[in-house]
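Structural overview
Residues per chain are reported as follows:
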Amino acid sequence: MFSAIARIFRTPDLRKKIGFTLGIIALFRLGSFIPAPFVDFGNVQMCLAANQGSSGLYELVNLFSGGALLQLSVFALGIMPYITASIIVQLLRVVIPHFDTLYKEGASGQSTLTQYTRYLTIALGILQSTTLITVARSGALFGTSASTECTQLITNDAWYAIMLMVITMTAGTGVIMWMGELVTERGVGNGMSLMIFISIAALFPGSLGSIGQQQGLDTLIIVLIVGILVVAGVVFVEQSQRRIPVQYAKRMVGRRTYGGNNTYIPIKVNMAGVIPVIFASSLLYLPALLAQFNQPAAGTEAPAWVVWISNNLTGGDQPLYMAMYFFLIIGFTYFYVAITFNPEEVADNMKKYGGFIPGIRAGRPTAEYLDFVLTRITLPGSLYLGFIALIPLVAFSVIGADQNFPFGGASILIIVGVGLETVKQIDSQLQQRHYEGLLK
């Protein structure tokens, strides 16, 4: 293992790529602590310290921004607008035939889709930065705090100041998107995913430190042991797949023989990745957001629906919230897998190139068989996602840790998934120059 790592740094090209990637990461983290114009940095830090460990409406976005959201920094929005834009463009392939045609055109069509994603990212950046500044001005950014400092985060309410803040945060999103593409082209690859990885990993020391301070060393050791077991389980499931054998018949084209080889279709247990968790979290934030913006004035009674939402759908320790979260993840898993994997398209491509599954006729029977296998394997995958996503909520109820508990939910799925993919990228580049790679 150590000799393989030494070979990485002895390879000039790979060493330059890793050095370039680390430099971009350092700039990315630096921008997460530079406050946007007209932001009172002292008040923001006081509110962060006062509300440490509390739950609010913005945990997911704050998680993906590496804590920059609640600091109102120039990189406050993080990579979240790009993630949202990518998901929207991917879903629009089902609705808009032109998008699906572009996707099937190959590199040129996908380049056009990438350009659409960039434009949509900037539009979402403007929308989200405007919303964030509005919430900060109203004093609702730190919802559980009623201190005066948390209502005085912005020093200038003039229109030009607000516009400058919106432009700065939107530009920060564009810079992060550009950095991710640079890492993909000139670094170790997977630039956008690596940005998310760094944002989440940056919060791990603080989360573990707060658990140690609030609950003691014994609880911290138990959390670390549970975390190691969870990571091992996530790695096992993420690497698990059902391999459907495929044979290709021999065919003559001129004087050459094509086909005749055996391969397989890998169907992962978790084909949806972390997307269902993001969908479910975003959907459950909507009722709480509506309730927060409909809080009554001082001295008046809140409407019954606002009280019901506040009692049942705003905290992770509430049974109804947990149940809805779990079943929404299962439903979104089936929905997303059905969108991203089309059995009929796979069966048609196999038939076109002379491929068939042993014992299954080509064409429609193959599509029905793939759909049957996919439906069965998606069930354990969706249950796995649901249980992993509930780990932070259970920890919040049992030991009082905040809902950004590091070993569970979207954070651990992204950390493990991106970590495995990055190691594979480095391993493949190492094998191009040496007979041995990083992995055994």
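Rules of the game
- Residues numbered from 1 in each chain as written.
- Predicted model: local features only at pLDDT ≥ 70, side-chain atom pairs only at ≥ 80, totals over all residues.
- Heavy atoms only, no water.
- Helix = DSSP H or I, 4+ residues; strand = E, 2+ residues; numbered from the N terminus.
- Buried < 20%, exposed > 50% of the residue type's maximum accessible area, 1.4 Å probe, protein only.
- Salt bridge = Lys/Arg side-chain N within 4 Å of Asp/Glu carboxyl O.
- Pairing = 2+ DSSP bridges.
- Core = buried A, V, L, I, M, F, W, Y, C linked by side-chain atoms within 4.5 Å.
- Contact = heavy atoms within 4.5 Å.
- Patch = residues over 30% accessible without salt bridge, like charges linked within 9 Å, V, L, I, M, F, W, Y side chains within 5 Å.
- Areas by Shrake-Rupley, 256 points an atom, 1.4 Å probe, with all protein chains shown as cover.

**What about unusual backbone geometry?**
Of note, Phe38 is a non-glycine position whose phi angle comes to about 65 degrees, a positive value. Its place among the elements puts Phe38 in the loop between helix 2 (12–31) and helix 3 (41–50). Using a relative accessible area of 29% as the deciding quantity, one classes Phe38 as partly exposed.

**Things to note about the pattern of salt bridges**
One pass over the full model with this rule turns up four salt bridges. The closest approach of N and O atoms between Arg93 and Asp100, which form a salt bridge, is 3.9 Å. With a shortest N-O distance of 2.9 Å, Glu181 and Arg118 are connected by a salt bridge. Linking Glu181 in helix 8 (residues 159–186) with Arg118 in helix 7 (residues 107–138), this pair joins segments that are 63 residues apart in sequence.

**A look at the environment of Ser210**
Within the element layout of this structure, Ser210 appears in helix 10 (residues 204–215). With a relative accessible area of 12%, Ser210 lands in the buried category.

**A look at the pairing of strand 1 (residues 241–248)**
Looking at chain direction, strand 1 and strand 4 (residues 262–268) are connected through seven bridges and run antiparallel. Each residue of the ladder has a partner; that of Arg243, found in strand 4, is Pro266.

**Structural notes on the nonpolar core**
In this structure, Val234, Val277, Tyr325, Ile412 and Leu413 are the most contacted members of the largest nonpolar core, which totals 79 residues. Sorting elements by how many residues they give to this core places helix 16 (residues 364–398) first, with ten residues. If we skip the residues at most four places from it in the chain, Val234 touches Tyr384, Ile388, Ile412, Leu413 and Val416.

**Quick look at a nonpolar patch on the surface**
Taken together, the side chains of Trp159, Tyr160, Met163 and Ile167 present a nonpolar region at the surface, about 500 Å² in accessible area. With respect to the helices, strands and loops of the structure, Tyr160 is situated in helix 8.

**Quick notes on the side chain of Thr366**
Mapped onto the elements, Thr366 comes out in helix 16. For Thr366, the residues in contact, after removing those within four places along its chain, are Ala347, Met350, Ile357, Ile360 and Arg361.

**Section: the sheet that holds strand 4**
Taken in spatial order, the three strands of this open sheet run 4-1-5, and their pairing is antiparallel. The open sheet has two edge strands with one neighbour each: strand 4 and strand 5 (355–356).

**What to know about the environment of Pro319**
You can see Pro319 is positioned in helix 14 (residues 319–340). The exposure class of Pro319 is exposed, given its relative accessible area of 65%. Note: C-alpha distance between Pro319 and Leu393 (74 residues apart in sequence) is 9.9 Å.

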